[in-house]
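Fold and geometry: a report
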Amino acid sequence: MLLQELQESYAARGFTVLGFPSNDFADEEPGQNAEIKRFAVSRYGVTFPMFAKIPVLGPEAHPLYKHLARESVPPRWNFHKYLVDRAGGVAAYFDSKVEPDSRDVLNAIEKQLGGDGLTAG
């Protein structure tokens, strides 16, 4: 499952994926903002908000990522995922190796949306 599929599955219940490109990981996002957005839309059909490219590590990290890192851990690679609750706190975080459709991610989203979660299996 792609992040776009999470957006489509949960948007009606108040969930939104937010994309924050960064070039902090092995120069994997060197493009300009418009180019990054075009690629995300054309390749993955992204409809969720894509923000301007920002630094996410170290002293130059954007204040949002400084907050996320203080409440959990800094991202270790691209596609690190934070689940933020309605009050702006980190409800859960997932390494980039954790797929968006993993049971852990889906259960954490369900919990934040007031669902019962998914059954194991």
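Our subject is the structure listed above.
1. Here's the deal with the overall build of the chain
The helix and strand inventory of the chain stands at 4 helices and 2 strands. Walking the chain from its N terminus toward its C terminus, one meets helices and strands in the order α-α-α-β-β-α. Split into buried and exposed, the 121 residues of the chain put 33% on the buried side. In the chain, the proportion of contacts linking residues at least 24 apart, taken out of those at least 6 apart, comes to 46%. If you sum the accessible surface of the chain, you get close to 7,600 Å²; carbon and sulfur atoms cover 53% of it. Averaged over its 13 positive side-chain charges, the chain has a centre that lies 3 Å from the centre of its 16 negative ones.

2. Regarding the pairing of strand 2 (residues 90-94)
Pairing between strand 1 (residues 81-84) and strand 2: 4 bridges, direction antiparallel. Paired with tyrosine 82 across the bridge in strand 2 is tyrosine 93. Linking strand 1 to strand 2, which pair antiparallel, is a turn of 5 residues; within it glycine 88 sits at a positive phi near 90°.

3. Regarding unusual backbone geometry
Positive phi is not limited to glycine here, since alanine 26 has a value of about 55°. Its location among the elements puts alanine 26 in the loop between helix 1 (3-10) and helix 2 (33-44). Under the relative-accessibility criterion, alanine 26 is labelled exposed at 60%.

4. Section: the nonpolar core
Judged by nonpolar contacts, the single largest core of 15 residues is most densely connected at Leu6, Tyr10, Phe15, Leu83 and Ile109. Taken together, the elements giving at least two residues each to this core come down to helix 1, strand 2 and helix 4 (103-112). Considering every element that reaches this core, the biggest residue donor is helix 4, with 4 residues. Not counting chain neighbours up to four residues away, the residues in contact with phenylalanine 15 comprise Leu6, Gln7, Tyr10, Leu83, Ile109 and Leu113. Ile54, Tyr65, Leu68 and Tyr82 belong to the second largest nonpolar core, which has 7 residues in total.

5. Description of the layout of surface pockets
Here the largest pocket defines a volume of roughly 1,500 Å³. In terms of lining residues, the largest pocket is bounded by 50 residues, among which Leu3, Val17, Leu18, Gly19 and Phe20 are the most central. Secondary structure elements with two or more residues in the lining of the largest pocket: helix 1, helix 2, helix 3 (63-71), strand 1 and helix 4. Of the residues belonging to the lining of the largest pocket, the class tally is 33 nonpolar, 10 polar and 7 charged.

6. Side note on the environment of glycine 89
Inspection of the secondary structure assignment puts glycine 89 in the loop between strand 1 and strand 2. Residue class for glycine 89 comes out buried when judged on its relative accessible area of 11%.

Rules used throughout
- Residues numbered from 1 in each chain as written.
- Predicted model: local features only at pLDDT ≥ 70, side-chain atom pairs only at ≥ 80, totals over all residues.
- Heavy atoms only, no water.
- Helix = DSSP H or I, 4+ residues; strand = E, 2+ residues; numbered from the N terminus.
- Buried < 20%, exposed > 50% of the residue type's maximum accessible area, 1.4 Å probe, protein only.
- Contact = heavy atoms within 4.5 Å.
- Areas by Shrake-Rupley, 256 points an atom, 1.4 Å probe, with all protein chains shown as cover.
- Lys, Arg positive; Asp, Glu negative; His and termini not counted.
- Charge placed at Lys NZ, Arg CZ, Asp CG, Glu CD.
- Pairing = 2+ DSSP bridges.
- Core = buried A, V, L, I, M, F, W, Y, C linked by side-chain atoms within 4.5 Å.
- 1 Å grid on protein atoms, 1.4 Å probe; cavity = no way out; pocket = protein on both sides within 12 Å on 5 of 7 lines; lining within 4 Å.
- Points joined across faces, edges and corners; volume = space filled by probe spheres on them.
- Nonpolar A, V, L, I, M, F, W, Y, C, P; charged D, E, K, R; others polar.

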